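Here is what each chain is made of, one letter per residue.
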Amino acid sequence: MINTIAAFALGIAGVGCLYSSWKDRLPAQLRPTLLGWLLLIASGYFAIRASGAEFGTTLIVTAPALVAWLLVATNLELRQAKVRKRKATEKVESIETDGTRSLSRHLLLFVITVPLSAAAATLFSVALARALPFSYVSHLAFAILLMPFLWGCAAYWALADSKLARPVVTIVVLGLIGVVTAGL
Amino acid sequence: MNLIPSASLVKQSLSSHSWLGLMVGALMYLVCLSGTLAVFYPELERWEQPRIQEVKEYDPATLERAYHELVASGVEVTEHMFVNLPSPESPRASISSEKEGWFINPDGSRGERVNHEWTHLLINLHLYLHLPESFGMYIVSALGAILCGLIVSGLIAHPRIFKDAFVLRLGGSKHLEQADIHNRLSVWSSPFQLMIAITGAYFGFAQLMAMVFAGIYTNGDTTKLFAQVFGEEPKLEQKLTPIALSKAIAQTKAMAPGTTPLYVTIEEAGKPGQFMLVGTQLPDRLIYVEQYHFDTAGNFIDKVGYSDGPPGRQVVYSTYRLHFGHFGGFGVKVLYFILGLAMSVVSVTGFNVWLAKRKRQDFLNTVWAGLVWGTVPALALSAVALVLLGIPGTPVFWIVVAISCAIAHHWNDETLAKQRLQIAGAVTIAALIVGYFVKFGAAALTPIPIGVNASMLASAAVLLLMGMKRATPAVTSFREPDPAAAE
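From a predicted model like this one, the values you see are computed outputs, not experimental measurements. (Residues numbered from 1 in each chain as written. Chains lettered and ligands numbered in written order. Predicted model: local features only at pLDDT ≥ 70, side-chain atom pairs only at ≥ 80, totals over all residues. Heavy atoms only, no water.)

So, about the sheet that holds strand E7 (residues 275–281) of chain B. Residue and element names in this part refer to chain B. Strand order in the open sheet formed by eight strands is E4-E3-E2-E1-E6-E7-E8-E9, and the pairing between neighbours is antiparallel. Each having just a single partner strand, strand E4 (110–113) and strand E9 (300–303) make up the two edges of the open sheet. Neighbour to neighbour, the strand axes of the sheet diverge by 25° on average, direction disregarded. As judged from the four bridges shared by strand E2 (residues 93–96) and strand E3 (residues 101–104), these two strands associate in the antiparallel manner. Each bridged residue has a counterpart across the sheet, and for alanine 93 the counterpart in E3 is isoleucine 104. Of the strands in this sheet, strand E1 (80–84), E2, E3, E4 and strand E6 (260–267) touch helix H3 (residues 60–72), which is tilted by about 30° from E2. Most of the contacts of helix H9 (residues 245–255) go to strand E8 (residues 290–295), to which it runs at about 140°, and overall it touches E1, E6, E7, E8 and E9. (Pairing = 2+ DSSP bridges. Helix = DSSP H or I, 4+ residues; strand = E, 2+ residues; numbered from the N terminus. Axes fitted to C-alpha atoms, helices over the stretch in contact; angles between N-to-C directions. Contact = heavy atoms within 4.5 Å.)

This is the structure:
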């Protein structure tokens, strides 16, 4: 029970320190930012003592959001609505675009971000997992958990890079590395 | 070292974030909202059938007798038969085949048929979007991967992540307001979102990954691979005698004191290879259960080893409870509910930010309002259909969503559509509650139905207040994007 109370209290104090550091606009050396993070780590320690390593770790990475949102709510700024009346159907601006070209570009991006990134992420995560000194049951678990993250990152990069060829080539190469090193 | 991303990286990341968000926004909203409600699926199942006799303690011998009577009554015995044991979370016993199931009364007699169709509608929406199961599972798992991309791109596209960490500006330009809500909710809950994304993706991709690994390690034999991961099934040739259910449960309790047996599965039921699998939940562990194998006579065969086997096996078997928040008691469910609701709001506000940034309004504005706010009456009416009237709920759900989108477009005003659909949501939830009391009478006054109905009533009241709020005209911000909100 003491561990639970300590975990709650330190968690609240940790987020509170981060808030205070953000709000007070103190000189950098006086801000309790580091203290806030240290208190959150300490809160995690007591959460693990109270609920075990698995429950405690899960709670400490999720629960501080609630405290933060309460502090966000106390800092709410209500503004006067700046609105202009107009009919919903009023056309403000007509944007002339080459519809076919735009559609084909979006289709290309879809192919790169979904099937291509998924395949490459699957193969590369398998290869990466096999390189680790685990049993193959653990290889499987590692690859399953890594794959969606790699896929998401590949999709992000493909859409964010101004030169599309750069991420596409990298994704394809990583996929091929996966094929070769995984022994498929 | 400068950790602040350059302006061009922020711009490109924002563009990537928008593209990914627009691709999956609508589906993500449906998956997040249904998943948020599905956190409480044990309570919703109990709410759907409030007349079932619940027990804190049970006699395994009574359940054993009930199983034999059920089999002797001519019920079709399928390959797998399931005996659900009463637990603190679901204090009711049931016996099911792969096709049908019945609750078992405390005296061992057969009770009502198991009928949780609305909860299943909700869970199927979350797991498959009501699509054919394997295809739907891949789509929803892909959403998990795209969510990872959204989290990464969102964080990089947010140069004022620390400066605006506690800022919330409501009522100004719609763009700024929606961006503030979106950013504050998503940044603080990003560890939770990442965990949900990865564990959610697991459910669909485990099979796919198993096929790849089977190609490497077991010559394409996935059954052999699964045996390595989930434990080998016993191969028995025995004389068929009535299964000794109570002996198996008693032995499990003795071998794993302090655990809670949740179920017994009879595998290869009615065949010489028949055996029992008892699943028992361990305190303070995320694995769903540890499993013990017994033969028909109740003799212990082996333990599968989820709790102390290879780390990979333990990780794989922990994803379910981690994803659904079914650990650590009711408080964790409430935490998951709040964080899940925040994810739903993030899905909606992300799309709203994009709508507000456009310099025009078209059918997307109104149809989006119809989808977001029409989902609430659609869920309520599907519950009316299934729980109160016993008619199929899935068509009702999708028809109401489609009508909401169409009617919102017909009204041609997103604010008006939003408010009217909020009121419709409140009215349909209230009608569901009234209908529930009429149908179930005194049974509606037991703790779980009271809790679920009170929660629904509270949400109806909130929707009504939102819907009755004085309308402001629907406009898109014409200002140049506020630099403070360019996140």
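Residues and elements named next belong to chain B. Where helix H6 (residues 174–188) meets helix H7 (residues 190–217), the axes come as close as 4 Å, and the angle between the chain directions of the two elements is 70°. Classified by the angle their axes make, H6 and H7 are roughly perpendicular. Residues Leu185, Ser186, Val187 and Trp188 of H6 form the contact with H7, whose own contacting residues are Ser190, Pro191 and Gln193. Taken together, the residues of the contact of H6 with H7 sort by class into four nonpolar, three polar and no charged. (Parallel < 35°, antiparallel > 145°, perpendicular 65-115°, else oblique. Nonpolar A, V, L, I, M, F, W, Y, C, P; charged D, E, K, R; others polar.)

Here the focus is the pairing of E6(B). For a regular strand, side chains alternate in direction, first toward one face of the sheet and then toward the other. Residues and elements named next belong to chain B. E6 sits mainly inside the fold: seven of its eight residues count as buried. Relative to E7, E6 is paired through seven bridges, and the arrangement is antiparallel. When the bridges of E7 are listed, proline 261 appears paired with threonine 280. (Buried < 20%, exposed > 50% of the residue type's maximum accessible area, 1.4 Å probe, protein only.)

Parsing chain A into structural domains produces domain 1 (2–74) and domain 2 (101–182). Between the C-alpha centres of domain 1 of chain A and domain 2 of chain A there is a distance of 35 Å. (Domains from an automatic or database assignment.)

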